[in-house]
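Reading the structure
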Amino acid sequence: MDTFKKLKCFYLPYKKYFLWSLFFVLFITTITVIYPIVLQLTIDEIVLKEQYEYIPWIVAGFLSLMAIKGVSAFFHQYLGDMFGIQSVYRLRNELYEKLQRLPFMYYDNAKTGDLMSRLTADVEGFRFFLSFGFSELVRFLLLICGTLTVMFIYSVPLTLVTIAALPFLAIAVYQFDKRVHPAFRKIRESFGKLNTNVQENISGIQTVKALSRENFEISKFNDANGHYKEKNLSTSLVWAKYFPLMELIGNICVVALLAYGSVLVMRGGLQPGELVAFFSLVWYLMMPIMHLGFVINLFSQSKASGERLLEILEADETIRNKENTVTVPALEGHVSFKNVSLRYQKEDALALNNVSFTACSGKTIGLIGATGSGKTSLTQLMTRFYTPTTGEIFIDGRDITDYPLKTLRSNVGVVLQESFLFSSTIRANISYGRPDSTMETIIDAAKRAQAHEFIMELPDGYDTMLGERGMGLSGGQKQRIAIARAICMNPSILILDDSTSAVDMTTEFNIQKELKEVMKGRTTFIIAHRISSLKHADEILVLENGSIVERGTHDELVTKQGYYKRIFDIQYKDQKAVLQSTVG
Ligand SMILES: Nc1ncnc2c1ncn2[C@@H]1O[C@H](COP(=O)(O)OP(=O)(O)OP(=O)(O)O)[C@@H](O)[C@H]1O
């Protein structure tokens, strides 16, 4: 019940729909219990006493009851659905908002397909119980109480015989629930894995095809699909075992009733009509208890779903605004790192080790170093994508946590190594960070990023729709749009993470020429493997295993015999000679 308690803020506001739905359930249940009474009266008072003139009245009464039951069923169903649909509408929105707030760290470990199945299948599973299961549970309780009351009125000993069978039924139902709940959780998990498989395959289809791994992917999917099938089969085995058992217990009870009830009728202790009514009533008692299995099943499914939804809702938002943030119109871009270290996971090695540097506003800092040396990690700390394990980062003299995340991130323009473009127009992609940008600003940003020309060659220019993941554009074109997107935000700090690696030398040269203009007045961090991309930087930091091992201008660094000089030699001198001298 804890899961439902924790999620109550989503469904309690709509309780009026649920309560009205219950009101109509009351009608439906009352009418259901009245049926056997009408049957008993028809047999005992009309047929046996031959008072046939009452038959039209009985028929009219029966039809009226059915009409009322029909109308009540409509409202019960509609209001129940309203309750479920309205509740999960809010829940779905809240989950999505939470996903927007969760830090990078969460996504490092999460699987997209699994998250998608939580937001779709699990939300639906939860809705179904709210719409149907909840009121079904109440209906069963009402039906059992109503039925027992009428039964006791008809015959106490016969009712006691019926009740004697109930504990056996209850044990079977309990055992069923004990097995079916974990089984459903496993089904949900398995479904999440299946989704992950499909999602990863579609996202990486180019790699799959390029490496001819279709058969491997098919067999991976077959395994996941097989696992899902196994989980479903073992759950249906639980169903198949327990349902006949429950029905058997019900039938034994009916046979006992038939035997004992007939004796009572023969002795004159019970009217024949009352015995007939009893047979209907006994099923009103057995059916809900047997169906309790189905409702418990629904409950288990929705509980399992609810738990998975709570895992998202309760996930730690490690990176959020602190209470007393400062409001500033814009940042100037004076960045300073003080003894900053970063370890992504407890068991990982340090990705950054005691890094300290200062970048005065308007200056350009180049970051170079081998793959995995910590260049990207360093810039990701500035935007608070991650939190340093130790040390402090200041912008304009204030700790970066003093600023609201929105202020911080809207002042830092980032062009990532792999630029992601949304499946919308080029114009919307460029103005994504500043949706209110004028067309003039968008074109200006595109021109500076050397993107305007090729955009104008596209059939719809800036209104060209991009496919999923920006399909239809070359890697270099995508990078240029991503640069335009960052420029469009007019940030005071610009981070270019290997952002010109996919363009040819001439375009890189042109972009850099334009970027010089763009970089004026902004603090810029250029991460690059090509010396040509950062040799004009005011300071170059050379990273190795998370530490700054060299620093200085290009001219200073080429005079030292360090990593930078070696890279410089490889890129600018006779590569073969350098490599030979190193090996030798
Ligand atoms: N999200 C992450 N979770 C765990 N470890 C990470 C994560 N991102 C990076 N790392 C690790 O941190 C170290 C530094 O990675 P980083 O991406 O900062 O290097 P880099 O210098 O930018 O490399 P490249 O030039 O290849 O982009 C590496 O050992 C990397 O494996």
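Source: prediction; values computed, not measured.

**Side note on the overall build of the protein chain**
- Of regular secondary structure, the protein chain possesses 21 helices and 10 strands.
- For 584 residues, the compact-globule estimate of 2.2 N^0.38 gives 25 Å, and the protein chain exceeds it by more than 25% at 36 Å.
- Across the 584 residues that make up the protein chain, the buried fraction comes to 45%.
- For the protein chain, the proportion of contacts with a sequence separation of at least 24, taken over those separated by at least 6, is 78%.
- Accessible surface for the protein chain amounts to roughly 29700 Å². Of this, 59% is attributable to carbon and sulfur atoms.
- On the protein chain, the mean spot of the 61 positive side-chain charges and the mean spot of the 58 negative ones are 3 Å from each other.

**As for a nonpolar patch on the surface**
- A grouping of Val47, Tyr52, Ile55, Val59, Leu63 and Met66 is seen on the molecular surface, where their side chains present a nonpolar patch of about 530 Å² in accessible area.
- Summarising the element assignment, methionine 66 is placed in helix α4 (residues 55-101).

**With respect to helix α16 (residues 475-488)**
- The end-to-end C-alpha distance of α16, which contains 14 residues, comes to 20 Å, matching closely the 20 Å that a straight helix rising 1.5 Å per residue would cover.
- The element α16 is extensively covered by neighbouring structure, given that 12 of its 14 residues are classed as buried.
- Along α16, the residues that are buried comprise Gly476, Gln477, Gln479, Arg480, Ile481, Ala482, Ile483, Ala484, Arg485, Ala486, Ile487 and Cys488.
- Taken from the residues just after α16, asparagine 490 is the one with a positive phi, measuring 50°.

**A look at the side chain of threonine 524**
- With respect to the helices and strands, the residue threonine 524 is situated in strand β8 (residues 523-527).
- With a relative accessible area of 0%, threonine 524 lands in the buried category.

**A few points about the packing of helix α6 (residues 112-154) against helix α7 (residues 156-203)**
- Taken N-terminus to C-terminus, the directions of α6 and α7 make an angle of 175°; their axes are 11 Å apart at the nearest point. Classified by the angle between their axes, α6 and α7 sit roughly antiparallel to one another. Side by side, α6 and α7 meet where Thr112, Gly113, Asp114, Ser117, Ala121, Asp122, Gly125, Leu148, Met151, Phe152 and Tyr154 of the first sit next to Val156, Thr159, Leu160, Thr162, Ile163, Arg188, Phe191, Gly192, Asn195, Thr196 and Gln199 of the second.
- Within the contact of α6 with α7, the residues separate by chemical class into nine nonpolar, 10 polar and three charged.

**Considerations on the pattern of salt bridges**
- Evaluated as defined, the whole model comprises 20 salt bridges.
- Taking the shortest distance from any N to any O, the salt bridge between glutamate 45 and lysine 49 comes out at 2.8 Å.
- Take glutamate 45: its relative accessible area is 33%, and that puts it in the partly exposed class.
- Across the pair aspartate 444 and arginine 448 runs a salt bridge whose closest N-O atoms are separated by 3.0 Å. Placement of both aspartate 444 and arginine 448 in helix α14 (residues 439-448) is noted, with a separation of four residues, approximately one turn of the helix.
- Residue aspartate 444 is classed as partly exposed on the basis of its relative accessible area of 35%.
- It is possible to trace a salt-bridge network through shared partners that takes in Asp114, Arg118, Asp122, Arg308 and Glu311.

**Focus on the site of the ligand**
- Taken together, 15 residues surround the ligand, and among them Thr371, Lys375, Thr376, Ser377 and Gln417 come closest.
- Taking aspartate 108, its side chain carries an N or O atom lying 2.9 Å from a nitrogen atom of the ligand.
- A distance of 2.8 Å separates an oxygen atom of the ligand from a polar side-chain atom of lysine 375.
- Notes on the ligand: free accessible area 630 Å², of which the protein chains cover 68%.
- Among the elements that line the shell around the ligand, the one with the most residues is helix α11 (residues 375-382), at three residues.
- In the shell around the ligand, the residues fall into four nonpolar, eight polar and three charged.

**Comments concerning empty space enclosed by the protein**
- In this structure the tally under the stated criterion is one cavity of 30 Å³ or more.
- Its volume calculated, the largest cavity comes out at about 50 Å³.
- Residue lining of the largest cavity: Thr376, Thr379, Gln380, Thr383, Phe385, Val414, Leu416, Ile495 and Asp497, and that is the complete set.
- If you list the elements that add at least two residues to the lining of the largest cavity, you get α11 and β7 (493-497).
- In terms of residues, the lining of the largest cavity owes the most to one element, α11, which gives three residues.
- Taken together, the residues of the lining of the largest cavity break down into four nonpolar, four polar and one charged.

**Regarding the UniProt feature "transmembrane region" (unreviewed entry) in the protein chain**
- Residues annotated by UniProt as "transmembrane region" (unreviewed entry) correspond here to residues 20-42, 54-75, 137-154, 160-176, 248-270 and 276-299.
- Counted over residues 20-42, helix gives 100% and strand 0%. Its end C-alpha atoms are 33 Å apart.
- A distance of 25 Å separates the end C-alpha atoms of residues 160-176, which is 100% helix and 0% strand.

**Some points on the packing of α14 against α16**
- Interhelical geometry of α14 versus α16 gives an angle of 130° and a closest axis separation of 8 Å. On the basis of the axis angle, α14 is oblique to α16. In the packing of α14 onto α16, the handedness of the crossing is right-handed. Counting all contacts with α14, which are made through Thr441, Ile442, Ala445, Ala446 and Arg448, the residues of α16 involved are Ala484, Ile487 and Cys488.

Procedures and definitions
Residues numbered from 1 in each chain as written. Predicted model: local features only at pLDDT ≥ 70, side-chain atom pairs only at ≥ 80, totals over all residues. Heavy atoms only, no water. Helix = DSSP H or I, 4+ residues; strand = E, 2+ residues; numbered from the N terminus. Rg over C-alpha atoms; globule rule 2.2 N^0.38 Å. Buried < 20%, exposed > 50% of the residue type's maximum accessible area, 1.4 Å probe, protein only. Contact = heavy atoms within 4.5 Å. Areas by Shrake-Rupley, 256 points an atom, 1.4 Å probe, with all protein chains shown as cover. Lys, Arg positive; Asp, Glu negative; His and termini not counted. Charge placed at Lys NZ, Arg CZ, Asp CG, Glu CD. Patch = residues over 30% accessible without salt bridge, like charges linked within 9 Å, V, L, I, M, F, W, Y side chains within 5 Å. Salt bridge = Lys/Arg side-chain N within 4 Å of Asp/Glu carboxyl O. Expected span 1.5 Å × (residues − 1). Axes fitted to C-alpha atoms, helices over the stretch in contact; angles between N-to-C directions. Parallel < 35°, antiparallel > 145°, perpendicular 65-115°, else oblique. Nonpolar A, V, L, I, M, F, W, Y, C, P; charged D, E, K, R; others polar. Near = heavy atom within 4 Å. Polar contact = N/O pair within 3.5 Å; in protein donor to acceptor, adjacent residues only side chain to side chain. 1 Å grid on protein atoms, 1.4 Å probe; cavity = no way out; pocket = protein on both sides within 12 Å on 5 of 7 lines; lining within 4 Å. Points joined across faces, edges and corners; volume = space filled by probe spheres on them. UniProt positions renumbered as here; feature names shortened; annotations may be inferred. Left-handed = near helix turned anticlockwise from the far one by under 90°.

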